[in-house]
Amino acid sequence: AQSVTQLGSHVSVSEGALVLLRCNYSSSVPPYLFWYVQYPNQGLQLLLKYTSAATLVKGINGFEAEFKKSETSFHLTKPSAHMSDAAEYFCAVIENSGYSTLTFGKGTMLLVSP
Amino acid sequence: GAGVSQTPSNKVTEKGKYVELRCDPISGHTALYWYRQSLGQGPEFLIYFQGTGAADDSGLPNDRFFAVRPEGSVSTLKIQRTERGDSAVYLCASSATSGGPNEQFFGPGTRLTVL
């Protein structure tokens, strides 16, 4: 079965600093990969997804992620953090390409300080 | 347009009671998913519907959990003889079709607390 590992349950950055949230996956075949964001008391919102086209994927709110097969990674980055980026971020992989069932990591809480 | 809605937003019940959680997917979406998110964890898959039928229920933890989608739209997750360990946020998602990297749109969730 596929799995997702997110390194760091909490990441703290200053406003304007680089955001880097790490995600590694295990899969015997090229997967579909996703990043979701969850704001307090809200549902999950899709930030971006990798579908085997371009390895550098751009998403909403200035976020992007790069698929690196050799490292089995799909890290999420943003050049300059904004206070409104404070939220929980989940990396996810499709476990069965026939059904699109998502397997999520445990999440990383991003804290942004002024 | 309207997104995925879930009712109730919060449900408090006593151990041993029966509860029903409702999900209204985006109109026209044929695929519907239920996930459970425990404190400090990512969402975990419970069950997936394609139309009216449960295509994959491998994530249901035991036979106390059951879900239906009789008309291929609204779905109800049913939990019998609730236990304190069932306390979690139950998330529903829908997508236009199944298969491949189709985006799943999530509802705000139902927070279930079993006392």
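Bear in mind that the values here come from a model prediction, so they are computed numbers and not experimental data.

The rules behind the values
Residues numbered from 1 in each chain as written. Chains lettered and ligands numbered in written order. Predicted model: local features only at pLDDT ≥ 70, side-chain atom pairs only at ≥ 80, totals over all residues. Heavy atoms only, no water. Contact = heavy atoms within 4.5 Å. Buried area = accessible area lost by both parts, 1.4 Å probe. Salt bridge = Lys/Arg side-chain N within 4 Å of Asp/Glu carboxyl O. Polar contact = N/O pair within 3.5 Å; in protein donor to acceptor, adjacent residues only side chain to side chain. Helix = DSSP H or I, 4+ residues; strand = E, 2+ residues; numbered from the N terminus. Nonpolar A, V, L, I, M, F, W, Y, C, P; charged D, E, K, R; others polar. Pairing = 2+ DSSP bridges. Axes fitted to C-alpha atoms, helices over the stretch in contact; angles between N-to-C directions. Buried < 20%, exposed > 50% of the residue type's maximum accessible area, 1.4 Å probe, protein only.

Undergrad: How do you make sense of the interface of chain B and chain A when you look at a structure like this?
TA: Size of an interface: often given as the accessible area lost when the parts come together. Each partner contributes residues to the interface: chain B has 22 residues there, and chain A has 21 residues. Approximately 1700 Å² of surface area, both sides summed, lies buried where chain B meets chain A, with 56% of it carried by carbon and sulfur atoms. Counting every contact that joins chain B to chain A gives zero salt bridges. Between chain B and chain A we count three residue pairs in polar contact (both at pLDDT 80 or more) in total. Those elements that place two or more of their residues in the side of chain B that touches chain A are β4 (31–37), β5 (44–50) and β6 (53–56) of chain B. Across the side of chain B that touches chain A, the residue classes break down as ten nonpolar, ten polar and two charged.

Undergrad: What's the story with the sheet that holds strand β6 (residues 56–58) of chain A in this structure? I'm lost.
TA: In a beta sheet, neighbouring strands pair by backbone hydrogen bonds and run either parallel or antiparallel. All names here are of chain A. With antiparallel pairing, the five strands of this open sheet are ordered in space as β1-β3-β8-β7-β6. Single-partner strands in this sheet number two, and they are β1 (3–7) and β6. Pairs of neighbouring strands in the sheet enclose a mean axial angle of 20 degrees, with direction left out of account. Two elements, strand β7 (residues 64–68) and strand β8 (residues 73–78), share five bridges in a ladder whose sense is antiparallel. From the neighbouring strand, Phe67 faces β8, where its bridge partner is Phe74.

Undergrad: Explain the sheet that holds strand β8 (residues 75–79) of chain B to me, please; I cannot follow it from the model alone.
TA: All names here are of chain B. The strand order β1-β3-β8-β7 describes an open sheet built from four strands, whose pairing is antiparallel. Lying at the two open borders of the sheet, with one neighbouring strand each, are β1 (5–7) and β7 (65–68). When the angles between neighbouring strand axes are averaged without regard to direction, this sheet yields 15 degrees. Sheet topology note: the β7/β8 ladder contains four bridges and is antiparallel.

Undergrad: Help me out: how do you make sense of the pairing of β7(B) in this one?
TA: Remark: a regular strand shows side chains that alternate across the two faces of the sheet. Of the two faces of β7(B), the one holding B:Phe65 and B:Ala67 is buried and the one holding B:Phe66 and B:Val68 is not buried anywhere. In textbook terms, the turn of a hairpin is the stretch between consecutive antiparallel strands, and for β7(B) and β8(B) this stretch comprises six residues, one of which, B:Gly72, has a positive phi near 75 degrees.

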